[in-house]
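Structural overview for review
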Amino acid sequence: MADERSKVADRPDILEKPDILRPPKPAPLVTFPIDVIVPEGRQQTPAVGQRASRADGRLHGLGQTKYIDDMYLPNMLFAKIKRAGTGSARIKSIDTKEAEAMPGVVAIITARDIPCNSFGPSLQDQPVLADTRVFHAGDGVAAVAAETEQIATEALEKIKVEYEVLSPVLDPLESLKLETPGVHAPSANVYGHKIIKKGDVQKAFAESDRIFEGTFRTQMVEHVPLEPYACIAQWDANGRLTIYSTLGRITLGRADVARTLGIPMSRIRIVATVVGGNFGGKNEIRAEPIVGLLSKKTGRPVKCTYTRPEEFYASTTRHPLIMDYKTGVTNKGKILGRKIRLVLDGGAYCSWSETTLGKACILSAGPYNIDNVEAEAFVVYTNKTMTGAMRGFGAPQVCFAYESHMDDMAHALGIDPIDIRLMNAFEEGSISPTGQKLHSVVAKESILRAAKRFGWNGLGNGNGSDNGHGNGNGTGVKA
Amino acid sequence: MVTVTLKVNGKTRSATVPPETTLLRMLRDQFDLTGAKLGCDVGDCGACTVIVDGQPVNSCLMLAGQSEGCEVLTIEGLADIDHMHPLQKLFEHFGSLQCGFCGPGVIMSAKALLDANSNPCTQEIRDALGGNLCRCTGYSKMIEAIKGAACIMRGEELPAVK
Amino acid sequence: MKAFELFAAENADHAVAILAKHAATAKVKVIAGGTDLLADWKFSPHGPDVVVDISRADELKNIAVNEQGLVIGSMVTHSQIMKSPVIRQMFPALVHAAHTIGAVQTRNRGTLGGNLVTAVPSMDSGPTLMALEAIVTVIGATGRRQVPLSEFFLGPRKTILKPDELLAEIIIPKANLGKPTHFYKFGLRKGQALALVNAAASFWVDWDKNVFVAPRVALGAVAPKVIRAPQAEAFLEGRKITPEAMEEAGRIAVNDARPITDFRASADYRKNLVAVLTKRCIEGAYELAQKQRQEGTNGNGNA
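Residues numbered from 1 in each chain as written. Chains lettered and ligands numbered in written order. Predicted model: local features only at pLDDT ≥ 70, side-chain atom pairs only at ≥ 80, totals over all residues. Heavy atoms only, no water.

Take the domain arrangement of chain A next. Residues and elements named next belong to chain A. Split by domain assignment, chain A resolves into domain 1 (72-166 + 224-313) and domain 2 (184-221 + 317-453). On a C-alpha basis, the centres of domain 1 and domain 2 stand 38 Å from each other. Listed by partner, the interface residues are 21 residues for domain 1 and 19 residues for domain 2. Between domain 1 and domain 2 lies a buried interface of about 1600 Å² when both sides are counted; carbon and sulfur atoms form 55% of it. On the domain 1 side of the interface with domain 2, the three residues burying the most area are Phe135, His136 and Phe279, jointly 32% of the side's total. On the surface where domain 1 and domain 2 come into contact, there are 0 salt bridges. At the surface where domain 1 touches domain 2, the tally comes to 10 residue pairs in polar contact (both at pLDDT 80 or more). Across the side of domain 1 that touches domain 2, the residue classes break down as 8 nonpolar, 8 polar and 5 charged. (Domains from an automatic or database assignment. Contact = heavy atoms within 4.5 Å. Buried area = accessible area lost by both parts, 1.4 Å probe. Salt bridge = Lys/Arg side-chain N within 4 Å of Asp/Glu carboxyl O. Polar contact = N/O pair within 3.5 Å; in protein donor to acceptor, adjacent residues only side chain to side chain. Nonpolar A, V, L, I, M, F, W, Y, C, P; charged D, E, K, R; others polar.)

Structure, rendered in structure tokens:
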């Protein structure tokens with residue numbers, strides 16, 4: 001195989017034809033009116049099924065890609081954050097004197113140093129560092145900048161924090177109850193609510209042959225990107241702040257850094273480079289204001305990288321959901337009505353909960369033609385790890401619920417799980433629970449094609465033989 | 001402080017570091033070899049995998065002091081100015097990496113496998129990559145690329161891409 | 001990770017001397033491969049003050065057969081065990097057990113001695129050695145002593161090693177060389193997994209009477225340390241070898257186990273695993289015995 005890199009000397013045509021080095025002619029001016037081409041619906045994009053290599057693949061394989069933690073600025077300091085380690089507490093005092101006296105420790109900040117100690121993508125309820133109250137074990141209470149990461153980590157041990165430990169709220173169903181003390185009292189624990197109604201669910205249940213009920217729960221999930229969160233802050237003499245970060249939303253980041261540091265957005269530059277995995281876990285700022293402040297205080301660049309344990313308890317996770325489903329069906333398996341209640345464990349701070357709530361609620365009925373739907377969803381505070389954006393924003397959780405529920409119903413009715421789905425699935429022009437008319441719907445075709453690929457032989461006809469993908473265990477179905 | 005002298009990518013290198021420094025930190029901070037990554041620091045993810053005396057190890061679980069006199073090969077030592085290693089070539093060709101963070105670790109584990117086994121089957125490749133986690137790709141294109149690289153290293157034609 | 005002083009020992013005696021010097025006044029730990037210790041220390045503020053690195057003690061890295069039996073140096077890595085021709089021939093169960101540990105990277109650095117000294121009840125090297133009635137050699141300032149492996153473990157992460165002592169060798173007694181043994185580990189994953197339960201069974205076969213001779217069953221992760229299953233052993237001794245006997249032995253072994261419920265599995269689930277894994281280990285050892293008989297490769301003992 002010939003090697004890729006050709007030198008200029010190998011391409012004599014470049015030297016012979018100097019035109020190639022001149023800039024191309026400018027494109028013709030656009031004239032109005034512009035012809036708008038309406039693309040044909042239901043057309044497979046040509047990209048699907050093709051092999052794609054990626055523009056950054058070469059550098060990755062060579063180990064030349066520079067991620068944030070691979071960046072070293074001259075005179076840089078390293079920051080680490082002290083975590084509360086308790087779910088709910090009042091902070092009585094923070095003593096940083098012994099840590100400040102350590103050789104190699106250059107600066108320490110607490111919540112008092114932060115000009116505006118709240119931010120968030122929707123509700124601005126998240127503090128940069130905990131001030132008088134701790135709301136989850138991952139809350140940062142102080143941050144240290146030191147000459148080495150080792151010194152910064154050791155300095156955390158020397159910071160003395162006195163807590164009055166309070167009783168945490170851990171169960172979202174408990175949190176839902178009015179009598180449970182507010183996690184963020186005087187605010188209520190329910191901080192988001194959504195209802196979707198279509199048709200008349202009670203009438204549908206009255207007309208159903210069978211009613212099925214089920215409660216489904218999903219657990220908290222952490223993204224575990226291979227690259228832990230990292231950011232570096234540096235000021236210039238014109239009072240401009242540059243932050244290099246693994247953050248995925250840099251315009252949002254600029255807004256939140258401007259807010260928390262009390263400086264105009266025009267003075268903030270955020271550079272996000274190649275990231276080592278995000279999946280939603282790097283969708284809002286974490287230590288950016290902290291490194292910004294430490295850098296300002298010390299006059300040196302400051303880098304903060306999260307440890308792997310911090311990625312678990314001090315960053316956002318996927319919302320656990322408790323989902324109650326009630327479905328009315330005919331004996332043949334046609335769904336007449338569905339009533340759903342979702343309770344999202346909204347963790348200590350809102351983060352992306354409002355988006356997750358919305359998506360979960362809208363998608364909770366599943367890709368099925370149901371004329372009568374009532375879906376009500378709540379998101380509640382608990383003193384647990386923050387729940388935020390993660391691939392799907394609520395869709396994976398409700399999918400687990402409505403598909404398991406479908407299997408339960410199929411089993412009880414003695415109907416093939418594929419058939420019951422084909423009977424109810426969306427078609428071209430179906431109306432969603434929120435009243436949207438759907439186009440480019442290929443739900444049934446996909447189910448049939450998948451069933452064929454998996455070698456599904458119909459109910460009770462010995463499924464689970466070798467389908468080309470291995471073990472020969474039982475196969476399940478999800479729409 | 002401990003002074004460590006060892007061979008890294010064929011060159012003799014030396015550093016004086018605090019005793020608790022791991023081989024990973026010494027490679028990254030002292031020798032500017034940032035290919036090996038810190039993913040977990042406890043030997044679970046394999047992003048720090050380098051080859052020490054011919055064997056892939058988690059460099060985060062080796063003290064710098066323990067690498068005295070060793071020969072260490074990192075991702076930076078695979079390609080030279082003119083040629084990429086067949087693994088690197090095929091990882092690019094097959095699109096085996098997405099975010100790329102696990103890449104150096106996976107490629108070093110794969111290289112060690114191919115150095116010992118010139119025609120590994122899928123199960124052998126899975127076993128060799130058992131200590132390397134990837135959150136993006138699902139590994140399937142890595143396995144194809146490793147098989148392809150094995151072909152090239154045996155001097156054979158690549159099988160037709162499906 | 002907490003900072004510490006590091007001493008590189010040139011050999012085992014040098015290590016003992018360093019330990020003797022510091023053990024009384026500081027928290028000292030011996031590091032070999034470091035795959036368990038460093039992982040523990042990374043995010044804990046309670047690490048050691050002094051670390052003695054014995055990775056250069058080459059005299060602890062040998063595998064040999066002598067008049068004592070099969071002697072494995074404590075610094076032999078799991079990868080080396082997997083590749084050793086003598087161990088592959090005599091004890092495929094040890095090779096298999098080593099292969100279930102961690103991943104390639106862990107096995108290249110982790111040592112047999114380290115696995116035993118870390119002494120987690122779910123250790124993967126323990127049951128096979130326990131079933132083979134292994135003995136360990138401990139060296140310290142006061143000299144060498146030998147301890148049966150069954151007396152080496154005291155509880156989770158606790159052994160009889162004193163702070164100034166070192167584990168030097170693991171010996172499988174001459175009488176047990178070539179004894180058919182099988183090991184089984186059940187984890188939540190196929191790699192990089194902790195054992196929910198692991199087990200080993202070892203016995204000779206009296207081919208004339210078709211009975212179990214000197215059966216030994218060992219279980220891990222079902223007690224504060226790796227244990228033998230005396231009730232199962234008593235049941236098997238002299239009993240006719242049948243599938244029913246193997247299954248019954250598995251059921252009896254559950255009585256020897258005292259598993260706990262934790263976030264990985266319930267005690268009931270573990271008890272179920274004990275019965276199944278014990279049976280499979282006995283089946284595996286019998287298969288190996290039959291294979292050895294056919295090939296005439298059974299070294300010592302009843303053939």
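There's plenty left to go through after this.
On the side of chain A, 37 residues touch chain B, which itself brings 43 residues to the contact. Overall, the association of chain B and chain A removes approximately 3100 Å² of surface from exposure, summing both partners, and the carbon and sulfur fraction of that is 51%. Broken down residue by residue, the surface that chain B buries against chain A is led by Glu92, Phe101 and Arg135 of chain B, which jointly contribute 20%. If you look at where chain B meets chain A, you find 5 salt bridges.

Residue and element names in this part refer to chain A. As enumerated under the stated definition, the model contains 13 aromatic pairs over all chains in all. Here the aromatic rings of phenylalanine 216 and phenylalanine 400 are separated by 6.3 Å at their centres, their planes lie at 90°, and the arrangement is edge-to-face. Placement of the pair is phenylalanine 216 in strand E8 (residues 210-217) and phenylalanine 400 in helix H11 (residues 395-413), with a sequence separation of 184 residues. Relative to tyrosine 306, the ring of tyrosine 229 has its centre 5.9 Å away and its plane inclined at 55°; by these criteria the two rings are tilted. In this pair, tyrosine 229 sits in the loop between E8 and strand E9 (230-235) while tyrosine 306 sits in the loop between strand E12 (302-305) and helix H9 (308-313), placing the two residues 77 residues apart along the sequence. With a relative accessible area of 5%, tyrosine 306 lands in the buried category. The aromatic ring of tyrosine 229 is capped on one face by arginine 286, whose charged end is 5.7 Å from the ring centroid. Sitting above the plane of the tryptophan 235 ring, lysine 296 keeps its charged end 5.4 Å from the centroid. (Phe/Tyr/Trp six-rings, centres within 6.5 Å; stacked < 30°, edge-to-face > 60°. Helix = DSSP H or I, 4+ residues; strand = E, 2+ residues; numbered from the N terminus. Buried < 20%, exposed > 50% of the residue type's maximum accessible area, 1.4 Å probe, protein only. Lys NZ or Arg CZ within 6 Å of the ring centre and 35° of its normal.)

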